[in-house]
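If you want the building blocks of each chain, they are given just below.
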Amino acid sequence: MWRFIFGRLLQAVPVIFVVITATFFLVRAAPGGPFDAEKAVIPEVKAALERQYRLDLPLHEQYFAYLGDLMQGDLGPSFKYPGRSINELIESGLPVTAELGAYALLIALIIGGLSGILAALRPNTLQDYIPMSLAMIGICMPTFLLGPLLVLLFGIELDWLPVSGWGDIPGDKLMPSVTLGAAYAAYVARLSRAGMLEVLSQDYIRTARAKGLPEWQVVIKHGLRGGMLPVVAFLGPAFAGLLAGSFVVETIFQIPGLGRFYVQAAFNRDYTMILGTTVFLSTLIVLFNLLSDIVAAWLNPRLRAQLSE
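Right, let's walk through the structure included here. (Residues numbered from 1 in each chain as written. Predicted model: local features only at pLDDT ≥ 70, side-chain atom pairs only at ≥ 80, totals over all residues. Heavy atoms only, no water.)

## Details of the pattern of salt bridges
Two side chains that carry opposite charge are able to pair once their charged atoms sit near each other. Considering all chains together, one arrives at three salt bridges under this definition. Residue arginine 54 is joined to aspartate 69 by a salt bridge in which the shortest nitrogen-to-oxygen separation is 2.4 Å. Taken as a pair, arginine 54 in the loop between α2 (43-52) and α3 (59-71) and aspartate 69 in helix α3 lie far apart in primary sequence, 15 residues in all. Taking relative accessible area as the criterion, arginine 54 reaches 36% and is therefore assigned partly exposed. Judged by its relative accessible area of 18%, aspartate 69 is buried. In this structure, glutamate 99 and lysine 173 form a salt bridge, with 2.7 Å as the shortest nitrogen-oxygen distance. (Salt bridge = Lys/Arg side-chain N within 4 Å of Asp/Glu carboxyl O. Helix = DSSP H or I, 4+ residues; strand = E, 2+ residues; numbered from the N terminus. Buried < 20%, exposed > 50% of the residue type's maximum accessible area, 1.4 Å probe, protein only.)

## Quick notes on the environment of isoleucine 110
By the element assignment, isoleucine 110 lies in helix α4 (residues 86-121). Exposure remark for isoleucine 110: the relative accessible area of 46% places this residue in the partly exposed category. For the pair isoleucine 110 and valine 188, spaced 78 residues apart in sequence, the C-alpha separation works out to 9.2 Å.

## Observations regarding the packing of helix α8 (residues 203-210) against helix α9 (residues 215-227)
Between α8 and α9, whose axes approach to 10 Å, the crossing angle comes to 145°. Along this stretch, α8 crosses α9, giving a crossing that reads as right-handed. For the pair formed by α8 and α9, the contact residues are Tyr204, Ile205, Ala208 and Arg209 on the first element and Glu215, Val218, His222 and Gly223 on the second. Across the contact of α8 with α9, the residue classes break down as four nonpolar, two polar and two charged. (Axes fitted to C-alpha atoms, helices over the stretch in contact; angles between N-to-C directions. Left-handed = near helix turned anticlockwise from the far one by under 90°. Contact = heavy atoms within 4.5 Å. Nonpolar A, V, L, I, M, F, W, Y, C, P; charged D, E, K, R; others polar.)

## Points about the environment of glycine 259
Inspection of the secondary structure puts glycine 259 in helix α12 (residues 258-268). Spatially, the C-alpha atom of glycine 259 lies 32 Å from that of arginine 193, the residues being 66 residues apart in sequence. Sequence-distant contacts of glycine 259, that is, excluding residues within four places in its chain, are made with Thr97, Phe247 and Glu250.

## Some thoughts on the side chain of serine 282
Relative to the elements of secondary structure, serine 282 occurs in helix α13 (residues 271-299). Judged by relative accessible area, which is 15%, serine 282 ranks as buried. A polar contact is formed between the side chain of serine 282 and the backbone oxygen of threonine 278, at a distance of 2.6 Å. (Polar contact = N/O pair within 3.5 Å; in protein donor to acceptor, adjacent residues only side chain to side chain.)

## Looking at α12
Buried within α12 are the following residues: Leu258, Gly259, Phe261 and Ala265. The buried residues of α12 occupy an angular sector of 160° when the element is viewed end-on, so they sit on one face. Positive phi appears at arginine 269, one or two residues downstream of α12, with a value of about 55°. (Arc of directions from axis to C-beta.)

## Description of the packing of α4 against helix α7 (residues 174-200)
Where α4 contacts α7, the axes come no closer than 6 Å and their chain directions differ by 35°. Note on packing geometry: the crossing formed by α4 with α7 is right-handed. Split into classes, the residues belonging to the contact of α4 with α7 amount to 21 nonpolar, eight polar and one charged.

What follows is the structure in structure tokens.
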């Protein structure tokens, strides 16, 4: 198992390095600069600003200087928030984004898991067709469409829920969490259905039923562990995707999370904020992928035996 973990970590290093390099040069290749939107300043002031942020250096020197700071855990200063570092901005926005992602993942697991299990118990019936059809709609509907629809219906027409904010008004966390978790609930439903169908057709499930065990006990005690393996393998990328994909939802519902900093950084050409957020989220994606693989291997006896050899 340790050899497996070490091998995956070695694979992660070049992936993160490529992400850092590509993002650095793509950001620098974009038209304009971080100080172009400011009021006109005299050339001496602009030169001082560029010198302060090392923008006066050749591009390759900026790149190696950034790598050196990154090796020390320093993501650099923000161009648009004077006196604040990217580490501080990420630290202030991450808890809100992580909370939103956790709620969305919980909604996805509850709704998607139950829908998939119920569909697998009665395949090719209405109990299967209805949740799977809804799952397909959830996969096809993007968050930038679902969010405004929920706001229009529950926030404006029915006036049941607040349309913006986070933690200030009761119920203001519900619509953003549902908006972000809907697509992942659809994926979980389809994965859990496929996994449960495969497990429920195994010989040991037939044996358990032949012994006269109640159907709920067969499903929960004998079927869930193997049937939910695809969902477990999906959890790591899903949570990382929820963190990285919360930008649209945070913008729609005016949530003060990491996503809004990232969107504003793109408009402001805040190089270090774009780079720092991309590097941070890329590292999270790699780590969550690794954790999901470890958990999936632990739950799968065959794979666990292979890794122990």
